[in-house]
Amino acid sequence: MRLDRRIDGAPLPVHSDGQTKSDPLGKPQFHDDVGDGGARSDGFVMASTPKSFGQRAEGNDNDFEFIGSFGHVVPSGQGFMNTIPFGSFMTPALEAHSLWKLYEAGESLVEAVRDVNIKIDSGEMVAVMGPSGCGKTTLLNILSGIDEPSSGMVSVNGEKLYGISDDARTDLRGASFGFIFQDFNLLPVLSAAENVELPLLLKGEAPHEARKKALEALEMVGLEDRGEHRPAELSGGQQQRVAVARAIVHQPSIILCDEPTGNLDNNTSKEVMSLLSEMNRNQRTTFLIVTHDANIAAKCQRTITMSDGMVLTDSITTPPEEE
Ligand SMILES: Nc1ncnc2c1ncn2[C@@H]1O[C@H](COP(=O)(O)OP(=O)(O)O)[C@@H](O)[C@H]1O
Ligand SMILES: [Mg+2]
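Report on the accompanying structure.

Rules used in this analysis
Numbering of residues starts from 1 in each chain and follows the order in which that chain's sequence is written. In the order they appear in the text, chains get letters beginning with A and ligands get numbers beginning with 1. Two thresholds apply to this predicted model, a pLDDT of at least 70 for residue-level local features and 80 or more for giving and counting side-chain atom pairs, whereas whole-chain, interface and lining totals are computed over all residues. To qualify as a helix, a DSSP run of H or I must reach at least 4 residues; to qualify as a strand, a run of E must reach at least 2; elements of each kind are numbered from the N terminus. We call a residue exposed when 12 or fewer other C-beta atoms sit within 10 Å of its C-beta, buried when the count reaches 20 or more, and partly exposed for counts in between; the C-beta positions come from the backbone. Think of it this way: build a C-beta for each residue from its backbone, and any pair within 7 Å is a contact. Each nonpolar core consists of buried Ala, Val, Leu, Ile, Met, Phe, Trp, Tyr and Cys residues. Their C-beta atoms, within 7 Å, join them into a set. Here a strand pair is declared whenever DSSP counts at least two bridges between the two strands. For helices, the fitted line uses only the C-alpha atoms of the stretch in contact; every axis is such a line through C-alpha atoms, and the angle between N-to-C directions lies from 0 to 180 degrees. Crossover handedness is defined by viewing with both strands directed away from the observer: a clockwise path from the first strand over the helix to the second marks the crossover as right-handed.

1. Considerations on the overall build of the protein chain
Each helix and strand in the protein chain was counted, giving eight helices and twelve strands. Counting the 323 residues in the protein chain, one finds 41% classified as buried. Nonlocal contacts in the protein chain, meaning residues at least 24 apart in sequence, comprise 60% of its contacts between residues at least 6 apart.

Now the structure itself:
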């Protein structure tokens, strides 16, 4: 049966011919009769039990095949050879299948993300580029559990991010991700050290432990002597380094950045980017960096370009050795 509603229960857009809207090529997007587990009524296409590569679901209508060892399901014709590069069998840090995000804007419907499939391996540093409004922030927010997709699935280190309880998602997000934003998002009334330790305190960590880790993180970004300063007493580059310290203080495996250097001048943005590259090299932290800046993308090992909600290109690039 064709899925006829979004996760939030709203109906999918309907074409003038009365058919539920399908993808731009006219292929149906979702089914919900794919055997044991299979697609769920909330739009996530998941198997309940892990399957090995290429195994087909019993009792299905051959419209789906299982891929990978986590039981992800994709429509046939978009099988695993198209989704997972040959030879790559380790658990990806971040994986998305058939992501769509629709926004209602008055009478019209914006398709902000359209059928995006992405796999990012642990330790990769990936840039996401594309013109303003092409869906970069929406995609990042979905991949990080901030904003639910209209349909599709996301997994983080092999664990699904949606179709679980809010508490479970909050825990998974908190343990897995650090965030760096264009406008730093520091709390102005708190000192640098207080900003950095806040996520640990919110998680229930003892204050002295949280402060110790915050000072260590500030030392890592070269701001050990600025712990008592409030954001207004710091330069833009220093504020972003405080934000980097806050992103790494709980040692997440993945750091998601939305235009991290968008508010910084050239030199400062180079410094911040060098800091991120160093973390990627030394600690194998996975990075996904949305950026307009070709210099930032050039420091990444892979660049994904987006256009009109879709992935346009996905290419490996070789960053220059750190001078
Ligand atoms: N909350 C929202 N409500 C309605 N439309 C939105 C919302 N957020 C984003 N959009 C629209 O989705 C599209 C993608 O936006 P966005 O992901 O912010 O693009 P980018 O980050 O690439 O500039 C744009 O057309 C934008 O106007
Ligand atoms: Mg954006």
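Next, the rest of the story.
2. Structural notes on the environment of L276
Relative to the helices and strands, L276 is located in helix α7 (residues 266-283). With 24 C-beta atoms packed within 10 Å, L276 lands in the buried category. Sequence spacing of L276 and I255 is 21 residues, and the spatial spacing of their C-alpha atoms is 9.3 Å.

3. With respect to the nonpolar core
A245 and L288 are the most contacted members of the largest nonpolar core, which has 68 residues in total. Among the elements that line this core, the one with the most residues is helix α6 (residues 236-248), at six residues. Non-local contacts of A245, meaning those with residues more than four positions away in its chain, are made with V196, A217, L218, M220, V221 and L223.

4. Let's talk about the sheet that holds strand β5 (residues 125-129)
Taken in spatial order, the six strands of this open sheet run β8-β9-β10-β5-β11-β12, and their pairing is mixed. Single-partner strands in this sheet number two, and they are β8 (177-181) and β12 (310-316). Direction aside, neighbouring strands of the sheet carry axes that sit 15° apart on average. Across five bridges, the pairing between strand β9 (residues 254-258) and strand β10 (residues 286-290) is parallel. Across the sheet, D258 pairs through a bridge with V290, a residue of β10. Packing of α6 onto the sheet brings it into contact with β8 and β9, and relative to β8 it is tilted by some 165°.

5. Overview of the pairing of β10
Of all five residues making up β10, five are buried, and the element is well covered by its neighbours. Of the two faces of β10, the one lined by T286, L288 and V290 and the one lined by F287 and I289 are each fully buried. Taken together, the four bridges between β5 and β10 define a ladder with parallel strand orientation. When the sheet's bridge partners are listed, A127 is paired in β10 with I289. Viewed along the sheet, the connection from β9 through α7 into β10 turns out right-handed.

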